[in-house]
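These are the residues of each chain, in order.
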Amino acid sequence: MRNPIHKRLEHFESWQHLTFMACLCERMYPNFQLFCQMTEQPEQAKTYQNILNLVWEYLTVKDAKINFDNQLEKLEDIIPDVNDYNFFGVVPALDAAESLGELLHAIIAGSTLEQAIKISQLSLQTIATLLETEQEREFSENDLKSAVEIQQELDVQWQIYRTLNECEKRDVDLILDLKNEIRSAGISNIGIEINQ
């Protein structure tokens, strides 16, 4: 599904791309956490959260020294294999882990636009897969565009985009506000709520 936000992201600086991606990963975290609860792997949820916290630190603490290659290795150890599980929860968990992986790759490689677009698409794809699974049919692009859940996700992505777009330069308070807002909402892109 084409998302007009992707064209707009081209005008962002890398810190804006990274913040946009971190927001979407934060929003997908409850999906990963629920999967870890269901499979009794609480340590894995902690690992995901710790890695994401280090990304926020990198974005907000001047001269933060973080070995992201090392973090990527830790993440790779907790990416679920869909073949090992026979329930839907593994799919949004995998999408969340893949998104965080894209974010780490973006930091390591220093190329951020492609990854920002990819995470935006992954977040929408999680919702599309859920809808198709629930309704046991494939959705056309028009079906997806008119789905309330997809509309809500697009609204959130645009809201994050607009907030970042209003910034002339890197604004630590604004980055922290975005993080805290999404984290305190505690609701994922597919409506999963977690207890803080």
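In this text, all values refer to a predicted model and were calculated from it rather than measured experimentally.

Overview of a negative patch on the surface
A cluster of acidic residues, Asp69, Glu73, Glu76 and Asp77, forms a negative patch on the protein surface. Along the chain, Glu73 turns up in helix 4 (residues 68-78). Judged by its relative accessible area of 51%, Glu73 is exposed.

Some thoughts on the packing of helix 3 (residues 42-60) against helix 4
Contact geometry of helix 3 with helix 4 gives a least axis separation of 10 Å together with a crossing angle of 155 degrees. Classified by the angle between their axes, helix 3 and helix 4 sit roughly antiparallel to one another. When the axes of helix 3 and helix 4 are compared, the crossing they make is left-handed. Residues Gln44, Thr47, Tyr48, Ile51, Leu54, Val55 and Tyr58 of helix 3 pack against Phe68, Gln71, Lys74, Leu75, Asp77 and Ile78 of helix 4.

A closer look at the nonpolar core
Inside soluble globular proteins, nonpolar side chains tend to come together where they are buried. Judged by nonpolar contacts, the single largest core of 61 residues is most densely connected at Tyr48 and Leu103. When residues of this core are traced back to their parent elements, those giving at least two are helix 2 (14-38), helix 3, helix 4, helix 5 (90-109), helix 6 (113-135), helix 8 (148-165) and helix 9 (172-185). The element contributing the most residues to this core is helix 2, with 13 residues. Those residues in contact with Leu103 that lie beyond four places of it in its chain are Leu18, Met21, Ala22, Cys25, Leu52, Val55 and Ile119.

Brief notes about helix 2
Taking 1.5 Å of rise per residue, 25 residues should cover 36 Å, and helix 2 covers 36 Å from first to last C-alpha, within 8% of that figure. After helix 2 finishes, the residue Glu40 shows a positive phi value of roughly 55 degrees.

Some points on the environment of Ser188
Structurally, Ser188 can be placed in the segment after helix 9. Ser188 sits 33 residues away from Asp155 along the chain, and the two C-alpha atoms are 14 Å apart. When sequence neighbours within four positions are dropped, the list of residues in contact with Ser188 reads Arg27, Pro30 and Asn31. One polar contact links the side chain of Ser188 to the main-chain amide nitrogen of Ile190, over a distance of 3.1 Å.

Structural notes on the packing of helix 2 against helix 9
Interhelical geometry of helix 2 versus helix 9 gives an angle of 15 degrees and a closest axis separation of 9 Å. As judged from the angle between their axes, helix 2 and helix 9 are roughly parallel. Of the two elements, helix 2 crosses helix 9, and the hand of that crossing is right-handed. Contacts from Trp15, Thr19, Cys23, Glu26 and Arg27 in helix 2 reach Ile175, Leu178, Lys179, Ile182 and Arg183 in helix 9. The residue inventory of the contact of helix 2 with helix 9, partitioned by class, reads 5 nonpolar, 1 polar and 4 charged.

Here's the deal with the side chain of Gln44
Within the secondary structure, Gln44 is located in helix 3. Filtering out sequence-adjacent residues up to four positions away, Gln44 remains in contact with Phe32, Cys36, Asp77 and Ile78.

Concerning the pattern of salt bridges
Pairing is possible between side chains of opposite charge, provided their charged atoms come close. Under the counting rule described, the total for this entry stands at 7 salt bridges. Of the charged contacts, one joins Glu26 and Arg183 as a salt bridge, the two residues approaching to 2.9 Å between their closest N and O atoms. A residue pair is termed long-range when its members are at least 10 positions apart, and Glu26 in helix 2 and Arg183 in helix 9 qualify at 157 residues. The partner of Glu43 in a salt bridge is Lys46, and the shortest N-O contact between them spans 3.5 Å. Pair noted here: Glu43 and Lys46 are both in helix 3, with a separation of 3 residues, about one helical turn. Overall, Glu43 belongs to the exposed group, its relative accessible area being 52%.

Calculation rules
- Residues numbered from 1 in each chain as written.
- Predicted model: local features only at pLDDT ≥ 70, side-chain atom pairs only at ≥ 80, totals over all residues.
- Heavy atoms only, no water.
- Patch = residues over 30% accessible without salt bridge, like charges linked within 9 Å, V, L, I, M, F, W, Y side chains within 5 Å.
- Areas by Shrake-Rupley, 256 points an atom, 1.4 Å probe, with all protein chains shown as cover.
- Salt bridge = Lys/Arg side-chain N within 4 Å of Asp/Glu carboxyl O.
- Lys, Arg positive; Asp, Glu negative; His and termini not counted.
- Charge placed at Lys NZ, Arg CZ, Asp CG, Glu CD.
- Helix = DSSP H or I, 4+ residues; strand = E, 2+ residues; numbered from the N terminus.
- Buried < 20%, exposed > 50% of the residue type's maximum accessible area, 1.4 Å probe, protein only.
- Axes fitted to C-alpha atoms, helices over the stretch in contact; angles between N-to-C directions.
- Parallel < 35°, antiparallel > 145°, perpendicular 65-115°, else oblique.
- Left-handed = near helix turned anticlockwise from the far one by under 90°.
- Contact = heavy atoms within 4.5 Å.
- Core = buried A, V, L, I, M, F, W, Y, C linked by side-chain atoms within 4.5 Å.
- Expected span 1.5 Å × (residues − 1).
- Polar contact = N/O pair within 3.5 Å; in protein donor to acceptor, adjacent residues only side chain to side chain.
- Nonpolar A, V, L, I, M, F, W, Y, C, P; charged D, E, K, R; others polar.

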